Amino acid sequence: MAVVKKGLISLVALISFIGAFFTGSPSILAASGQGSDQTIITEWQMLWEQPGQSLTIEEVSSLSDNDGWFTVHSDGDYPSVPEGINSAWIRFRLPELTQMRPALTINKLYAKEVIIYLQDKKIYERTRKYSFDLNEILLPIEVQYEGSNIYLYVENNVNKLGIYNEINVGEFTDQIKTYVKADIIDIILGASLVLISFFMIVSVLFINRTFQPGWYSLFLVMLSVGVMILSYSSFMYKYFPEYITLFNICFDIASSLFMPALFFFLEQVLGRGPFGLITKFKKIQTYFAVIYTVFLGLSFVSSEIHDFYYTSGFVIFGLSIIVGNILLISSVIFECKNRNKEAIILAIGISIFAGVSLVEVIWYMYIDRMYDMKYWKVSILFFLASLIIILARKVMVNYQKALQYSKQIEIFNEELQRSEKIELISNLAASIAHEVRNPLQVTRGFLQLLGQRLNSKNDKSYVNLAINELDRASEIITDFLTFAKPDIGKVMRLNIQEEISQLVAILAPLATLQGGIIKVEHDKELFIIGSSSRFKQALMNIIKNSIEACGDGGEITINLSEDAVSGRVIIKVRDNGEGIDAEDLKRLGEPYYTNKTKGTGLGLMVTFRIIEAMDGSIKFISEKGIGTEVNITLPSQ
C-alpha cells in the first residue's frame, strides 16, 4: 500500500467536519468488540528500542514474542519509559474487517516522530520539530489486510511515549466524524471568540470615545483567548502540520498580549486597584509583552536566542501568569469587600472558571487513565461573559450619568439665563430708580401744596388721584431698588411664628374679603437670621398671590417645620386656588413676567431676590385646577 496522501485526508476531514454539525455521532461499542460497525482494540504489544539501537522493520517483524515484547492494556497501568529510552515499537493485529471502507483511529499517541508499517510497507509518517507531541491518527485500511500486523515506530524525548487509549476500527465515514468532533469544541469556541472580537473592533467606530479604552481592551482579551484556543488545538496540528510554526507564533503573541490586555480592562472598570497594583502590573506586563515579542522575532535569527526564548522565556511567562492571577484575585477580593458590583460580577465569572478547572484537575489526578481536560474551555466563556457584563454595566452607568449631567446643564443654563436677565434689569433698575425717585417726590410735594389751595372738590379729587398714582410709582421704584440691591439691612434673630402671626393679622381681612381663610401650622418655635421687614415683604408677596388665586371657600395653609437631616427651616404656603400651568410655572420669577391683568411681575422677582440674599431657596409646585404650594427653605438659628 502506498503512503496515504495527507492532502486527500485533510480534504475529506474538512468536508466531514461540516457534515458533523448536522449528523449524530456514531455508536461506540463496548471494548469486547461486539457489533459489525466498530471494533475496539484494547490490547497491543510494545518493544523498547535500546540507546544506540536502530532497528529496521524487517528486524522488528522477525522478532518473536520472547525478544523484548510486552503487553499493554488500555484499561491498565501504562508502562513507564525507562531511563535513556526515547524510541519504541508497537504492534497489534487488525481484526476482521466487515466494513465497506474500514479505517482505524488512534487518538492518544505521544511521540514526535511516528512511522506506521503494514506488511513491512510504510503507510504513514509524521515528524514534528515542535513541542506538541500528542498525535491523533486516522488511517484508512483495505479489507484485504484483515488479520495482518501493524507496526508503529515512535520516538519522543519526554517521559510519555506510546499509545495511551484504545484503538478504534470501523467504517471510515463514521470514524472521520468522531475524529473531527473530538476538536469541535476548540474550533467553535476559538473561532467564535475571534469572530466576536472582530465585530467588536468594527463596532468601536459607533460608540462614544469615553467607552473606547475599555472596548479595545476587551477586544484584545477575547481575541487573544480565541487565538490561543485555536492555535493550540490539535485540529490545526492534524490537518495543517505545514503551518505549525505559524500557529506557534500566533499562540506566543496571543498569550503575551492576554495579561496586559486583561489588566488594562480591569484598570478601566476597577480603577488603579489597592496601592495602584493593577496599574503597576499592567505596565510591567506591557513591557514584558514587548520584550517577549522582540525575542520571538530574534529567535528565528539566532539559535542561542531561540534556546533562551524557549527556556527562560517560558519560565518568566509562567511566573507572570501566576503573579498576575494572585494580583487579580487579591484586587477582586479587595473591591468585593468595598461592595463594588463590577468586582462581584468578575468574582462570579472567575469562580466558575476556576471551579471547573479545579474539578477537572482533581478528576485527572484521581482516575487511573488518561483524561482530556476540555470543560475548562467552556467555563472560560463565563469569565469572558463577566467581562462583557461589566463593560455593559459601565456603559449604562455612564449613559445614565450623561443623562443626569444633561439635565443639570439644562437647569444651569436656565439659571444662567435668569441670572443674566436679573443682572441686566438690576443695573437698569438701579440707574433709573435713582434718577426718577427725586423728581417724583418733588412733583408729589407740589401737588400737595396745590391741593391745599384748590376749593373745588372735583379739582381736589384729581389732585389726590395724581398723588396716589405717584405713590404707586414710588412703590414700584422701591421694588426696583430692592430687586437691584436686595440688601436685607439690619439683621436679627427672628422668631418665625411671630413674624408669620403679624403677617396673618395684616392679610386676614384681605382673605376674608375674598371669601377665604388663612391657617398656620407649626410644632415648635423656629428661628432664622434676617431682616424682619425684608422677610415679611417676601412672604407677603407669596401669601397675597395665594389669596388672589383663591375664590370663595379658599384656604391658605402656612406650615412651619424643620428638616431633620439638614436642620433648615421649611416654610410651606399651600392654597387650593386655580393653580398655574406648567409653562407659566417655569417662568415664575422672571423679570416683568406676570399672568395678572394688572401687575408688573416685580413682586415675585423681589421675593426671589430676598430669599436668595438670606441664603435660602424657593420652589413652586402647582397643578392647574388643584392649587399651588410654595416651599421656602432658610438656614435655622
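Use the structure listed above.
Residues numbered from 1 in each chain as written. Predicted model: local features only at pLDDT ≥ 70, side-chain atom pairs only at ≥ 80, totals over all residues. Heavy atoms only, no water.

**Student:** Lay out the side chain of N559 in plain terms, naming residues and giving numbers.
**Tutor:** Examined against the element boundaries, N559 turns out to sit in strand β15 (residues 554–562). Polar side-chain contacts of N559 include one of 3.0 Å to the side chain of E521. (Helix = DSSP H or I, 4+ residues; strand = E, 2+ residues; numbered from the N terminus. Polar contact = N/O pair within 3.5 Å; in protein donor to acceptor, adjacent residues only side chain to side chain.)

**Student:** I'd like a rundown of the side chain of E171, residues and numbers included.
**Tutor:** Topologically, E171 is positioned in strand β11 (residues 167–171). Apart from the residues lying within four places of it in its own chain, the contact partners of E171 are D37, Q99, M100 and R101. (Contact = heavy atoms within 4.5 Å.)

**Student:** If you had to explain the sheet that holds strand β17 (residues 617–623) to someone new, which residues and values would you point to?
**Tutor:** Within a sheet, each strand pairs with its neighbour through backbone hydrogen bonds, oriented either parallel or antiparallel. Taken together, the 5 strands give an open sheet; going across it, the order is β13-β15-β16-β18-β17, and neighbouring strands pair in mixed fashion. Looking at the sheet topology across the chains shown, the edges are occupied by β13 (516–522) and β17. For this sheet, the mean inter-axis angle between neighbouring strands, taken without regard to orientation, is 15°. As defined by bridge partners, β13 adjoins β15 across 7 bridges and the pair is classed as parallel. Directly across from H522, in β15, lies its bridge partner L560. Each of β13, β15 and β16 (569–575) touches helix α13 (residues 496–513); the most contacted strand, β13, lies at about 170° to it. Sheet strands in contact with helix α14 (residues 532–549) are β13, β15, β16, β17 and β18 (627–634), and its direction is about 25° off that of β16. (Pairing = 2+ DSSP bridges. Axes fitted to C-alpha atoms, helices over the stretch in contact; angles between N-to-C directions.)

**Student:** So what's going on with the packing of α13 against α14? Which residues, and what values?
**Tutor:** When two helices pack together, their arrangement is given by the angle between the helix axes and by the axis-to-axis distance. Taken N-terminus to C-terminus, the directions of α13 and α14 make an angle of 40°; their axes are 10 Å apart at the nearest point. Classed by the angle they form, the pair α13 and α14 counts as oblique. Once α13 is placed against α14, the crossing between them reads as right-handed. Across the interface between the two elements, I496, E499, I500, Q502, L503, I506, L507, L510 and A511 of α13 pack against S532, F535, K536, L539, M540, I543, K544 and I547 of α14. (Parallel < 35°, antiparallel > 145°, perpendicular 65-115°, else oblique. Left-handed = near helix turned anticlockwise from the far one by under 90°.)

**Student:** So what about the packing of aromatic side chains? Which residues, and what values?
**Tutor:** Scanning the entire structure with this criterion turns up 9 aromatic pairs. On the numbers, 6.5 Å between centres and 70° between planes, the contact of F198 with F219 is edge-to-face. Here F219 lies in helix α5 (residues 212–231) and F198 lies in helix α4 (residues 184–203), a separation of 21 residues in the sequence. Pairing F608 with F620 gives two aromatic rings, centres 6.0 Å apart and planes at 25°, and the pair type is stacked. Residue F608 is found in helix α16 (residues 602–613), and its partner F620 is found in strand β17; the two are separated by 12 residues along the sequence. The ring of W69 has R91 lying over it, and the distance from NZ or CZ to the ring centre is 4.2 Å. In this arrangement the basic side chain of R493 is found over the ring face of F527, its NZ or CZ atom lying 3.9 Å from the centre. (Phe/Tyr/Trp six-rings, centres within 6.5 Å; stacked < 30°, edge-to-face > 60°. Lys NZ or Arg CZ within 6 Å of the ring centre and 35° of its normal.)

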